[in-house]
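Residue-level listing of the chains:
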Amino acid sequence: NDYWTKGEGEPSLREPQRGFEATGEVDVCLNHFTDLSEANATYFGGVRDAAALSSGCRESTAPDPPCYEEALFKRRSVGLIRAHDAARPLFLFHAFHALHTPLQVPRHYLAAAAAAAAPFRFDDESRWTYSALARYMDDTVAALVGALKERGMWSSTLFAFASDNGGPIYRPGGANNHPLKGGKYSDWEGGVRANAFLAGGALPPAAAGTAYDGLFSVADWYSTFCELAGEDPADLEAQQANEWLRARRLPQLPPVDGVSHWAALSGRSAPPRSEVHLSSQALLVARGRALYKIVTGEQPYSR
């Protein structure tokens, strides 16, 4: 489902302190073409064009058929950028469903992936579709960057691209993490070492074109962005709740796990994180430039 919260409507949905607008999915395994719904202050229902649910739309050869959810997300994000007052800060989180099952992509991109692979041919349908989805994602990133540049915002933008896990190597996942071992759901490097990069004019010139070798948890994005925005990442509500819990000798809420890497990314300090608790079965530890990892128990999709 797709939702917008604008600080209006039911009291439980209001955000009186600061305007808040969000777009997101409840279930990442929805059908890309038919299961998307949109809701805002004036509209509730499926994709706006009822004809978009027809087989003709799903079989369209257009790059962005109106029934494809990634096309809707792209139009929404590009529209937000183009309508934004460039004199005000903007935080935009664009979450892709692409590269996630069910693997579905417009026919235009299947043809483009096949043409790019020529004279070789895909011998696996999932791998073919996965590659086509990656091309669609690349084009969406290009559209977002293009919109920022059109608005004159790129020079002050920090553009972060990241994934939450390694690629799925099971069927019909379609990924390949070679030369890393394993994939999604495992604690091997193929499951937990994900691609990420920073770009944009807000990136310090000394950091451009360099590789960051510090340990970085997905939880660290929050603290890093908080530092950039001048906000305290501490969970003050949890701290207040802990006073009540302590008084009753109940287990307390943990602090925020993330640490800010901005000083290290800017070349002003060493990486701040010395360990990453990957799961109940794995731990990754950094000692200087050396990395140590312990993995216990059974790991899925591995030998």
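Not measured: the values here are computed from a predicted model.

S.K.: Just to check I follow, could you spell out the pattern of salt bridges for this structure?
M.R.: Should their charged atoms come close, side chains of opposite charge can pair. By the definition in use, this model includes seven salt bridges. Residue Arg-273 pairs with Asp-220 through a salt bridge whose shortest N-O separation is 2.7 Å. Here Asp-220 lies in helix H6 (residues 220-229) and Arg-273 lies in the loop between helix H8 (262-265) and strand E5 (275-279), a separation of 53 residues in the sequence. Exposure remark for Arg-273: the relative accessible area of 15% places this residue in the buried category.

S.K.: Explain the sheet that holds E5 here, please?
M.R.: Strand pairing in a sheet takes place through backbone hydrogen bonds and is either antiparallel or parallel in direction. Spatially, the three strands line up as an open sheet ordered E5-E6-E7, and their pairing is antiparallel. The open sheet has two free edges, formed respectively by E5 and strand E7 (290-295), since each of these has just one partner strand. Neighbouring strand axes in the sheet, compared pairwise and without regard to direction, differ in orientation by 15° on average. Bridge count for strand E6 (residues 282-287) against E7 is six bridges, and the pairing is antiparallel.

S.K.: Looking at this model, I keep getting lost on the side chain of His-94. Mind explaining?
M.R.: Structurally, the position occupied by His-94 is in the loop between helix H2 (69-83) and helix H3 (107-117). Setting aside residues no more than four positions away along its own chain, His-94 makes contact with Glu-70, Phe-73, Lys-74, Ser-77, Thr-140 and Leu-144.

S.K.: Help me understand the packing of aromatic side chains in this model?
M.R.: Any two aromatic rings considered together are summarised by their centre-to-centre distance and by the angle between their planes. For the structure shown, the criterion picks out ten aromatic pairs. For the ring pair Phe-91 and Phe-225, a centre distance of 5.8 Å and an interplane angle of 70° mean the geometry is edge-to-face. In this pair, Phe-91 sits in the loop between H2 and H3 while Phe-225 sits in helix H6, placing the two residues 134 residues apart along the sequence. Taking relative accessible area as the criterion, Phe-91 reaches 60% and is therefore assigned exposed. The class of Phe-225 is partly exposed, set by a relative accessible area of 26%. Among the aromatic residues, those joined into a ring-pair cluster are Phe-91, Phe-216, Trp-221 and Phe-225. Across the ring face of Trp-188, the terminal group of Lys-181 is positioned such that the distance to the ring centre comes to 4.1 Å.

S.K.: What exactly am I supposed to notice about helix H7 (residues 236-247) here?
M.R.: An α-helical segment advances 3.6 residues per turn. Residues three or four places apart therefore align on the same side. A rise of 1.5 Å per residue sets the reference length of H7, with its twelve residues, at 16 Å; its end C-alpha atoms lie 17 Å apart and thus fit the reference within 8%. All of the buried residues along H7 are Ala-238, Asn-242 and Leu-245. All buried residues of H7 lie within an arc of 65° about the axis, which places them on one face of the element. The outward face of H7, more than 90 degrees from its buried face, is lined by the exposed residues Glu-237, Gln-240, Glu-243 and Ala-247. Positioned one or two residues after H7, Arg-249 has a phi angle of 55°, which is positive.

S.K.: Help me out: how do you make sense of helix H4 (residues 125-150) in this one?
M.R.: Over its 26 residues, H4 runs 37 Å from end to end, which matches the ideal 38 Å to within 8%, given 1.5 Å per residue. For H4, the N-terminal capping position is held by Asp-124, with its side-chain oxygen 3.0 Å away from the main-chain nitrogen of Ser-126. Where H4 terminates, the next one or two residues include Gly-152, which has phi positive at roughly 70°.

S.K.: How should the nonpolar core be read in this particular structure?
M.R.: The nonpolar side chains of a soluble globular protein tend to be buried with one another. Counting residues in hydrophobic clusters, the biggest one holds 13 residues, and the most contacted among them are Tyr-68, Val-105, Tyr-109, Ala-132, Leu-133 and Tyr-136. The set of elements that each furnish at least two residues to this core consists of H3 and H4. No other element matches H4, which puts four residues into this core. When residues no more than four places from it in sequence are discounted, the contact partners of Tyr-109 are Pro-63, Ala-132, Arg-135, Tyr-136 and Asp-139. Judged by nonpolar contacts, the second largest core, of twelve residues, contains Met-137, Leu-144, Leu-148 and Trp-154.

S.K.: Even after reading the chapter, I still don't get the packing of H2 against H4, so can you show me in this structure?
M.R.: Two packed helices can be described by the angle between their axes and the distance between those axes. H4 packs onto H2 with a crossing angle of 15° between their chain directions and a minimal axis gap of 9 Å. Compared by their axis directions, H2 and H4 come out roughly parallel. As H2 runs across H4, the sense of the crossing is right-handed. Of H4, the residues touching H2 (which contributes Glu-70, Ala-71, Lys-74, Ser-77, Val-78, Ile-81 and Arg-82) are Tyr-136, Thr-140, Ala-143, Leu-144, Ala-147, Leu-148 and Glu-150. In the contact of H2 with H4, the residues fall into eight nonpolar, two polar and four charged.

Rules used in this analysis
- Residues numbered from 1 in each chain as written.
- Predicted model: local features only at pLDDT ≥ 70, side-chain atom pairs only at ≥ 80, totals over all residues.
- Heavy atoms only, no water.
- Salt bridge = Lys/Arg side-chain N within 4 Å of Asp/Glu carboxyl O.
- Helix = DSSP H or I, 4+ residues; strand = E, 2+ residues; numbered from the N terminus.
- Buried < 20%, exposed > 50% of the residue type's maximum accessible area, 1.4 Å probe, protein only.
- Pairing = 2+ DSSP bridges.
- Axes fitted to C-alpha atoms, helices over the stretch in contact; angles between N-to-C directions.
- Contact = heavy atoms within 4.5 Å.
- Phe/Tyr/Trp six-rings, centres within 6.5 Å; stacked < 30°, edge-to-face > 60°.
- Lys NZ or Arg CZ within 6 Å of the ring centre and 35° of its normal.
- Expected span 1.5 Å × (residues − 1).
- Arc of directions from axis to C-beta.
- Polar contact = N/O pair within 3.5 Å; in protein donor to acceptor, adjacent residues only side chain to side chain.
- Core = buried A, V, L, I, M, F, W, Y, C linked by side-chain atoms within 4.5 Å.
- Parallel < 35°, antiparallel > 145°, perpendicular 65-115°, else oblique.
- Left-handed = near helix turned anticlockwise from the far one by under 90°.
- Nonpolar A, V, L, I, M, F, W, Y, C, P; charged D, E, K, R; others polar.

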